[in-house]
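# A look at the structure
The chain contents come next:
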Amino acid sequence: MPLTSSPVNGPARHGGERLRGAFPRHHLLVDIDDGYVDPEVACHVVRRLERSGASGVILEDQKRPRRCGHADGKLVLPLEEYLDKLHQVLASRSDLVVVARTDATEEDDILRRAAALAGTEADVVLVDGVRSVEEIRRIRTVTGDKPLLFNQIAGGKSPRLSLSELTGLGVGVAIYSTPCLFAAHRAMETAMAELTYADGRLPAAGEPGGEIGVREATELLARNLGRPHPARTVLAV
């Protein structure tokens, strides 16, 4: 089962371009939200990302103002309006993978939209905020052979499932949207608390919090920029 790592905040096209330089042999899956409202803009972004070396994009059916897929109060576009945008995006790509995502919350609407998305030329279907294993099974029955993507997010609405469990449910791709981001939040909070406790004195090498300094960060950057990496992981932007 392919995996994706934690997404990077910021405009998708710029983040994708920066990451392509750092990870020349990894696949990059870029979340373009709703395509930035306008179908023509969405197509422009898709073409630019493909030229920049992105491997795929995720296009959702949320209305603005957008919310996290696991938050309450999401609104979705009329299905036909979203499908029109999706078809335009599909027609504008060359060989870019397109993940069609729905943020519907009512069961009947989820299944209706999932079936409609599976009936397009989109390569993968994502129903975000899936609330149970049974719901995954019902979605699987209406999407046929179309690959399913599952969004793993800490503290979200979806059940915590292992890759083996997801494979058994017919899920083909798993996104881990938050582990790196939330770990960074915790690490920064801890670092600031320790700095306050130490009266502003930075930790020495070998002490907790002192494992990474200028030299280590520079060496890591040099390795990322200067050495090809095997295509084992899908990075989500």
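Rules used throughout
Residues numbered from 1 in each chain as written. Predicted model: local features only at pLDDT ≥ 70, side-chain atom pairs only at ≥ 80, totals over all residues. Heavy atoms only, no water. Helix = DSSP H or I, 4+ residues; strand = E, 2+ residues; numbered from the N terminus. Expected span 1.5 Å × (residues − 1). Buried < 20%, exposed > 50% of the residue type's maximum accessible area, 1.4 Å probe, protein only. Arc of directions from axis to C-beta. Polar contact = N/O pair within 3.5 Å; in protein donor to acceptor, adjacent residues only side chain to side chain. Core = buried A, V, L, I, M, F, W, Y, C linked by side-chain atoms within 4.5 Å. Contact = heavy atoms within 4.5 Å. pLDDT = per-residue confidence, 0-100.

Given a rise of 1.5 Å per residue, 14 residues ought to cover 20 Å, and the 20 Å separating the end C-alpha atoms of helix H2 (residues 39-52) matches this to within 8%. Those residues of H2 that fall on the buried side of the exposure criterion are Pro39, Ala42, Cys43, Val45, Val46, Leu49 and Glu50. Across the axial projection of H2, the buried residues extend over an arc of 160°, all falling on one side. For H2, the N-terminal cap is aspartate 38; the gap from its side-chain oxygen to the backbone nitrogen of glutamate 40 is 2.8 Å. Phi for glycine 53, located one or two positions after H2, is positive at around 105°.

With 39 residues, the main nonpolar core has Ile32, Val57, Tyr82, Leu86 and Ile139 as its most contacted residues. Secondary-structure elements contributing two or more residues to this core are H2, strand E3 (56-60), helix H3 (79-92), strand E4 (97-102), helix H4 (107-118), strand E5 (124-127), helix H5 (133-143) and strand E6 (148-152). Residue contributions to this core peak at six residues, all from H3. Excluding residues that lie within four positions of it along the chain, valine 57 makes contacts with Leu29, Val30, Ile32, Val46, Leu49, Leu96, Val97, Val98 and Val99. Counting eight residues, the second-largest nonpolar core is a separate cluster that includes Leu29, Val99, Leu149 and Val173.

Bringing the confidence of the model for the chain into the picture now. Mean pLDDT for the chain: 87, with 89% of residues reaching 70 or above. Confidence over residues 5-10 falls short of pLDDT 50; this stretch has 17 contacts with residues more than four positions distant or in other chains.

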